[in-house]
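# Observations on the three-dimensional arrangement
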Amino acid sequence: MKKVFITICLGLMAGSLLGQNFMHSLYKYTPNRVNPAHASSNDYQSGTFLFRNQYASANIKFITSYAEFNQPFFNKKSRRSGLSLSLMNDQINGIDVYSLNQISASYAVNIPLSKYSEMSIGLNSNFQSKSLKTNQLTTGSQYIEYFGFDSNLPSGENQDIINRNYFSFALGLNWQKLDRHGKRLFSAGYALHNLNRSENSFYENSENKSPFSSILTASATIKENYQWHILQDLLIRHEGPVTEIITGPSFSYAIGNMRSESIKTMIRYSTANNIMLGLVYESEN
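Since the model is a prediction, treat every value here as computed from it, not as a measurement.

Cut-offs and rules
Per chain, residues are indexed from 1 in the order of the written sequence. In view of the model being predicted, local features appear only for residues whose pLDDT reaches at least 70, and side-chain atom pairs are presented and counted only at 80 or more, with totals across whole chains, interfaces and linings using the full set of residues. Only heavy atoms go into the side-chain values, all of them from the structure, while hydrogens and water stay out. Helix and strand definitions here come from DSSP, where helices need a minimum of 4 consecutive H or I residues and strands a minimum of 2 consecutive E residues; each element is numbered from the N-terminal end. Three labels apply to residues, based on accessible area from a 1.4 Å probe with only protein chains included: buried if under 20% of the type maximum, exposed if over 50%, partly exposed otherwise in between. Only heavy atoms enter the contact rule, under which two residues are in contact if any of them lie within 4.5 Å. Computed with a 1.4 Å probe, the accessible areas rest on the Shrake-Rupley method; for each residue, only the protein chains presented here act as cover. Here the nonpolar core consists of buried residues drawn from Ala, Val, Leu, Ile, Met, Phe, Trp, Tyr and Cys, with membership extended through side-chain atoms lying within 4.5 Å. Here, a salt bridge means any Lys or Arg side-chain nitrogen found within 4 Å of an Asp or Glu carboxyl oxygen. Pairing of aromatic rings covers Phe, Tyr and Trp, the last through its six-membered ring, and needs centres within 6.5 Å; plane angles under 30 degrees mean stacked, over 60 mean edge-to-face, and all others mean tilted. Pairs of strands are assigned from DSSP output, requiring at least two bridges between the strands. Each patch is assembled from residues with relative accessible area greater than 30% and no salt bridge, linking like charges that lie within 9 Å and nonpolar side chains (Val, Leu, Ile, Met, Phe, Trp, Tyr) that lie within 5 Å.

### Considerations on the overall build of the protein chain
- Each helix and strand in the protein chain was counted, giving one helix and 15 strands.
- Expressed as a percentage of its 285 residues, the buried residues of the protein chain come to 39%.
- If you take every contact in the protein chain between residues at least 6 apart in sequence, the share linking residues at least 24 apart comes to 54%.
- For the protein chain, the accessible area works out to roughly 16,400 Å², and carbon and sulfur atoms hold 58% of it.

### Some remarks on the environment of S283
- Note that S283 resides in strand β15 (residues 274–283).
- Residues S283 and A254 lie 29 residues apart in sequence; the distance between their C-alpha atoms is 10.0 Å.

### Side note on the nonpolar core
- L50, F62, Y66, M88, I92, V97, Y98, L100 and L132 form the largest nonpolar core, which has nine residues in total.
- Among the nonpolar cores identified, the runner-up in size contains six residues, and I215, L235, I246 and M276 belong to it.

### What about unusual backbone geometry?
- The backbone of N194 sits at a positive phi, close to 60°, despite the residue not being glycine.
- Structurally, N194 is set in the loop between β10 (184–193) and β11 (213–224).

### Comments concerning the environment of P211
- Here P211 is to be found in the loop between β10 and β11.
- A C-alpha to C-alpha distance of 8.9 Å links P211 and L195, two positions 16 residues apart in sequence.
- Discounting chain neighbours no more than four positions away, the residues touching P211 are N194, R197, E239 and G240.

### Points about the pattern of salt bridges
- Counted by the stated rule, this structure contains seven salt bridges.
- Residue E244 is joined to R237 by a salt bridge in which the shortest nitrogen-to-oxygen separation is 3.3 Å. R237 shares its class with E244; the two are buried.

### Some details on the packing of aromatic side chains
- All told, the structure shown has two aromatic pairs when counted by the stated rule.
- Each ring, one from F127 and one from F167, has its centre 5.1 Å from the other, and the planes form 50°; the classification is tilted. Here F127, found in strand β6 (residues 117–133), pairs with F167, found in strand β9 (residues 161–178); they are 40 residues apart in sequence, far enough to count as distant.
- Overall, the relative accessible area of 29% leaves F127 in the partly exposed class.

### Quick notes on the pairing of β6
- Where strand β5 (residues 98–112) lies against β6, 15 bridges are found, and the strand directions are antiparallel. Directly across from I111, in β6, lies its bridge partner M119.
- Between β5 and β6, which follow one another and run antiparallel, lie four residues.

### So, a nonpolar patch on the surface
- Where nonpolar side chains cluster on the molecular surface, the patch consists of Y107, V109, I111, L113, I121, L123, F167, F169, L171, L173, L195 and F212 and spans about 1,000 Å² of accessible area.
- Listed by contribution, the elements that provide at least two residues to the nonpolar patch are β5, β6 and β9.
- For the nonpolar patch, the element with the highest residue contribution is β9, accounting for four residues.
- Its location among the elements puts F169 in strand β9.

### A few points about the side chain of S84
- Relative to the helices and strands, S84 is located in strand β4 (residues 79–93).
- S84 gets classed as buried once you look at its relative accessible area, which sits at 3%.
- The residues touching S84, leaving out its near neighbours within four places in the chain, are N32, A39, E68, F69, N70, S104, A105 and S106.

Listed below in structure tokens is the structure:
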């Protein structure tokens, strides 16, 4: 079982970012958040912890902690299914306004197509709890025309903590073709999130249902030999009026005997004006 010892992910912002999906900039390292079918994508029991510190503007940054555990299940011949459990906390640092906690579970069934080709079908269910502190969004003062804000007069604004809890469901399909060493050569997947179109607004009587979120992924091996493995990735996300495309290559260079150690780097460009860089060292021991 491979263990990742050092993971460094740098988010370099180019322009301003108005909104983003949680952990989206680290999607390569959180595949089960992209497609629940990935819960049955490999034979290894594994655990992952990620921490993100990413600026959205000059004074606001996202602080995210994410933990995930994956457990495959086998029959006498091959892997038949897999289970993934995850916990996440996402909040804004700098102004204590917003936070989100999520617990998520994905279960996927594996369907062998040939010796090195397989299809998986996955279902995800997650519970999210959001909180918004309105006292950070109010002036605390009454505005008087031609005078300005008067702190001695009541503002009439409620200062409270608003909570919103809801369930959401997702369905995903994923196909992958491996080489004889278990390295992914080609893959393609599609996931549809928020199947129940949950009401996640902080307003009690809002009828604004959350839109469906669809994610299409594809990857292809460009070059592979004893030392090098170059993979090109593509992710397209559509949610409401927003469509985002993320693409870029990953480079893997074997430095140990029998590919026991490797160094991986990745470069990603997003149409939301992001450039992402990553570096991973892997060792089988």
